[in-house]
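# Structure assessment
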Amino acid sequence: MQTANRLKKIPPYLFMTLRNKINEAKARGIDVISLAIGDPVDPTPQPVIDALCKAAQDPGNHRYPTDEEWGMQSFRDAVARWYARRYDVQLDPTKEIVALIGSKEGCHHFALGVINPGDTVLVTDPGYPGYKPSIWFVGAEPHAVPMKDENDFLPKFEDIPSDVAKKATAFYLNYPNNPTGAVATRPFLDELVEFARSNDIVICYDNPYSEVVFGVERLSFLNADGAKEVGVELNSLSKPFNMTGWRIGMACGNADIVNAMATSKANTDSGIFNAIQYAGIAALDECDNFSDEMLAIYTRRRESVLATLRELGWTYEPPKGAFYLWVPVPKGYTSAEFCAFLFEKCAVVIAPGAAYGENGEGYVRFSLTVGEDRLEEALRRMRENLPKLNFD
Ligand SMILES: Cc1ncc(COP(=O)(O)O)c(C=O)c1O
């Protein structure tokens, strides 16, 4: 059977591989604890569930979704209110917002709506593994921009070769960052807009962790002057409201890009179930306290992991965002070897940095999305079962 050549470029999806490994071990009776995946186990807030149940009872919502390609006007209005309240960003819901089936889907429609075959597209390395497939699927080529610890895991624009910057047509970035936890600053966002403007590059700023910041301000790319002239921001209800399974998010910003993404969506899917959009409105309008409480929970979990890491010999300054800890591996291990070692000694799964790009080698990622009891058990096993680790 013929399958498309484009699929040959795509490496096995990290989390499928991890999930298979976890399932195999569980089938052998091992009590595996996964700190690998950024998928909160904590429940979705009740007002969201109630709104879904109520809307699902209305047969009017059983038909094709309203305003299929853009999302319901009332959902887009709620997005605009949330952005105004949480980020001080003003959006026109009639043309600057399109509803998405999550930010991952948005990465794809950005590519379909904006990128041409043969284009060069910048991606950060390490970076979210979802970007490259979207770029390959439209016949373009990703170009890795290294992110280094010494630059706070932010790209250094002056280090991007000028011929690459001139050739590139788009740039996918994400802060608070998966996997490093790094955050953007206002001066960085201004530089990004300037870089995009001077090189004619369209920005796809993927911001699903915008609510998860520790001791620094919540930032949208659209806070930067001129951001709407050069790009869009993707956001999602997945992470702030524990709604990964619900599949709802939004792209906001430049009206032409939003329109291009809506055109791509109109010719791909038929929109998001209205009842889920009503639930999304409840999340955006009624659950600010909930996302603040989740942040307090992540803060406590982070402190627990940090205390154990320090006890085990790590001297490590935690990042300021996202619910991940991006931790250097002890001497003598690659990232995959250290993950395998931890699994063997403790039946704890973490993500190897190399899976996020060449520059991810030397690091592993711990996710803070499991409940306290399982996290404490994983940490206890690490304290009790790991030998002395070498960091010199
Ligand atoms: C950087 C980044 N972008 C997008 C996504 C996907 O989010 P969504 O559930 O909104 O599709 C994730 C999920 O882990 C992510 O880490």
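Our subject is the structure listed above.
Residues numbered from 1 in each chain as written. Predicted model: local features only at pLDDT ≥ 70, side-chain atom pairs only at ≥ 80, totals over all residues.

## Let's talk about the nonpolar core
Our working rule: Remark: nonpolar core denotes a set of buried Ala, Val, Leu, Ile, Met, Phe, Trp, Tyr and Cys residues whose joining runs through C-beta atoms within 7 Å. Remark: C-beta atoms are placed from the backbone, and a residue is labelled buried if 20 or more other C-beta atoms sit within 10 Å of its own, exposed if 12 or fewer do, or partly exposed between those counts. The contact criterion used here is simple: two residues whose C-beta atoms, placed from the backbone, lie within 7 Å are in contact.
With 121 residues, the main nonpolar core has Val79, Val98, Phe171, Ile203, Cys204 and Ile350 as its most contacted residues. Ignoring sequence-local partners within four residues, the contact set of phenylalanine 171 consists of Leu122, Ala196, Ile201, Ile203 and Cys204.

## Concerning helix α9 (residues 255–266)
Cut-off, in case you're wondering: In this description a helix means any DSSP run of H or I spanning at least four residues, a strand means any run of E spanning at least two, and both kinds are numbered starting from the N terminus. Every helix has an expected span of 1.5 Å times one less than the residues it contains.
With 12 residues, α9 extends 16 Å from end C-alpha to end C-alpha; this agrees with the ideal 16 Å at 1.5 Å per step. Taken together, the buried residues of α9 touch β2 (97–100), α4 (103–114), β6 (202–206), β7 (231–236) and β8 (249–253).

## Topic: the environment of leucine 173
By secondary structure assignment, the location of leucine 173 is in strand β5 (residues 168–173). The exposure class of leucine 173 is buried, given the 26 C-beta atoms found within 10 Å. Sequence separation of leucine 173 and cysteine 204 is 31 residues, and the distance between their C-alpha atoms is 6.4 Å. Once residues within four sequence positions are removed from consideration, leucine 173 is found in contact with Thr124, Ile203, Tyr205 and Asp206.

## Let's talk about helix α2 (residues 46–56)
To be explicit about the condition: This arc is taken over the directions from the axis of the helix to the C-beta atoms.
Regarding α2, the residues found buried are Val48, Ala51 and Leu52. Axial view of α2: buried residues confined to an arc of 100°, hence all on one face. Those residues of α2 that are exposed and angled more than 90 degrees off the buried face are Gln46 and Cys53.

## Topic: the sheet that holds strand β4 (residues 141–146)
Where we set the bar: For two strands to pair, DSSP has to find at least two bridges joining them. Orientation is described by axes fitted as lines to C-alpha atoms, over the contacting stretch for helices, and by angles from 0 to 180 degrees between their N-to-C directions.
Strand order across the open sheet formed by seven strands is β2-β8-β7-β6-β5-β3-β4, with mixed pairing between neighbours. Of all the strands in the sheet, just β2 and β4 have a single pairing partner and so form its edges. The average undirected angle you get between the axes of adjacent strands in this sheet is 20°. Both β2 and β8 contribute to a ladder of four bridges, which runs antiparallel. By the bridge assignment, isoleucine 97 is partnered in β8 with cysteine 252. Contacting β2 and β8, helix α3 (residues 73–87) crosses the sheet at an angle of about 110° to β2. Each of β2, β6, β7 and β8 touches α9; the most contacted strand, β2, lies at about 35° to it.

As far as function goes, none of this settles anything; it's purely spatial.
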